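One-letter residues, chain by chain:
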Amino acid sequence: MSKKATILIPGMEKGQRVDSRVLEERIQRAVCDGFREIEIVGHGQHGMGGRLWQAGDEEVRIRVLGISGQRLGAMGFPNTLIDAVGPASDDVGWLNSGARIVVRGNAGNGAGNAMAQGKIYIAGNIGARGMTMTKQNPRFAPPELWVLGSTGDSFAEFMAGGIAVICGHGTTGNDNVLGWRPCVGMVGGKIYFRGKQESYSANDALLSHPGEEDWQWLVSHMKEYLGAIARPELMSELIANRDQWQIFSSRKSRTKTAETIKKLPRYYREVWNKELGPGGIIGDLTSMDRSLIPVIAKGELRRFEPLWENHQWAPPCQANCPSGIPVQQRWELIRQNKLEEAVDLALSYTPFPASVCGHLCPNLCMQNCTRQVSQLPPIDISLLGRA
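Everything in this summary refers to the structure shown in the same document.

The rules we used
- Residues numbered from 1 in each chain as written.
- Predicted model: local features only at pLDDT ≥ 70, side-chain atom pairs only at ≥ 80, totals over all residues.
- Heavy atoms only, no water.
- Patch = residues over 30% accessible without salt bridge, like charges linked within 9 Å, V, L, I, M, F, W, Y side chains within 5 Å.
- Areas by Shrake-Rupley, 256 points an atom, 1.4 Å probe, with all protein chains shown as cover.
- Salt bridge = Lys/Arg side-chain N within 4 Å of Asp/Glu carboxyl O.
- Helix = DSSP H or I, 4+ residues; strand = E, 2+ residues; numbered from the N terminus.
- Buried < 20%, exposed > 50% of the residue type's maximum accessible area, 1.4 Å probe, protein only.
- Axes fitted to C-alpha atoms, helices over the stretch in contact; angles between N-to-C directions.
- Parallel < 35°, antiparallel > 145°, perpendicular 65-115°, else oblique.
- Left-handed = near helix turned anticlockwise from the far one by under 90°.
- Contact = heavy atoms within 4.5 Å.

**A closer look at a nonpolar patch on the surface**
Judged by side-chain polarity, I281, I282, L285 and M288 come together as a nonpolar surface patch covering roughly 450 Å² of accessible area. Secondary-structure assignment places L285 in the loop between α4 (264–276) and α5 (316–319). L285 sits in the exposed class, given a relative accessible area of 72%.

Shown next as structure tokens:
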């Protein structure tokens, strides 16, 4: 009989999060001690259940309760079964090398990213870039990704091997069950999907309906998948109508359309001059020379030199200061520990740096700080003024 263990993370009962490294050390130690059924009460830690190479040929069963963080089962090894009771974050099964991973809910972006072996069973939807950069060693069974619902954008991007099955359950009204433009750069593998798909990379993927062999494979493996996610009652619905299913497979290189590269004169005539010439965006506003520039500039073009105008224009914080204090320069002096120079700089612009600028100023520089464009808080200049 296999040994069982429940791993509770120290500090969780107090609401404290423990590093992912600590959790992995405890899992690896439990496997070394002979435990083969491990229950984890997680708190968002990364990589749970991955890299259990020390188990050897004995199966290790990992049951994840609580919150599963990123890269569940990342670099998973054969004979590892990971069962997450709930949703999972990004990169489920990243670089999976043989583990069987079950997620009883939705999964984030990058499910099955770069996997080479194993199976991933998702009982909901997944985010963008699932099944990307997968591959297959012909010595082993192809990696598999099964999704009950739909996928996000860029699905199967640069897919080079493996099998994906997207069941489309609960996606009525969705025109793209595989998201926007799947199969870009696809060179191998196969995707079974049920539902509509209006957008895809036709130059990389070939669309067809399942033949008898493909259909029998799908039906025979569907039972195992639905049993793993505890949804066996969906079997009759998902295989009721064969016509609902389609297949994407990679085009052979000889069937891909070669992209014609425009010669420079043609590009200049059809694109450049059309947009910037007469009738274009700026063609009616300027008479500047738009002729082609040779690789090695000669003559008149050689007389142009770059012109630097640093500090010619005031930044928004300084421009909106009633006293015109160069706020950025003052902060730079503070960072360099040149406190007297910073005070002298303020005094050269106002005789009241403490009473007015330090306490009464509404800090217009902060209100106009460009950091807010990127949703960052402005530098709290009021602290400097009071100091």
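**Points about the packing of helix α6 (residues 327–335) against helix α7 (residues 339–347)**
Orientation of α6 relative to α7, taken along the N-to-C sense of each, is 160°, at an axis distance of 7 Å. What the angle tells us is that α6 and α7 run roughly antiparallel. Regarding α6 and α7, the two cross each other, and that crossing is left-handed. Between α6, through Q329, R330, L333 and I334, and α7, the contact on the second element is made entirely by L339, E341, A342, L345 and A346.

**Topic: the pattern of salt bridges**
In this structure the tally under the stated criterion is 17 salt bridges. With its nearest N and O atoms 2.7 Å apart, the salt bridge here joins E24 to R51. With a gap of 27 residues between them, E24 in helix α1 (residues 20–32) and R51 in the loop between β2 (35–43) and β3 (60–67) connect regions that are remote in the sequence. The class of R51 is partly exposed, set by a relative accessible area of 36%. Notably, a salt bridge pairs E39 with R63, separated by 3.0 Å at the nearest N-O pair. In this pair, E39 is assigned in strand β2 and R63 in strand β3, connecting sequence segments 24 residues apart. Owing to a relative accessible area of 24%, E39 belongs among the partly exposed residues under this scheme. The exposure class of R63 is partly exposed, given its relative accessible area of 36%. Each member of the salt-bridge network shares a partner with another, and the members are R266, R269 and E270.

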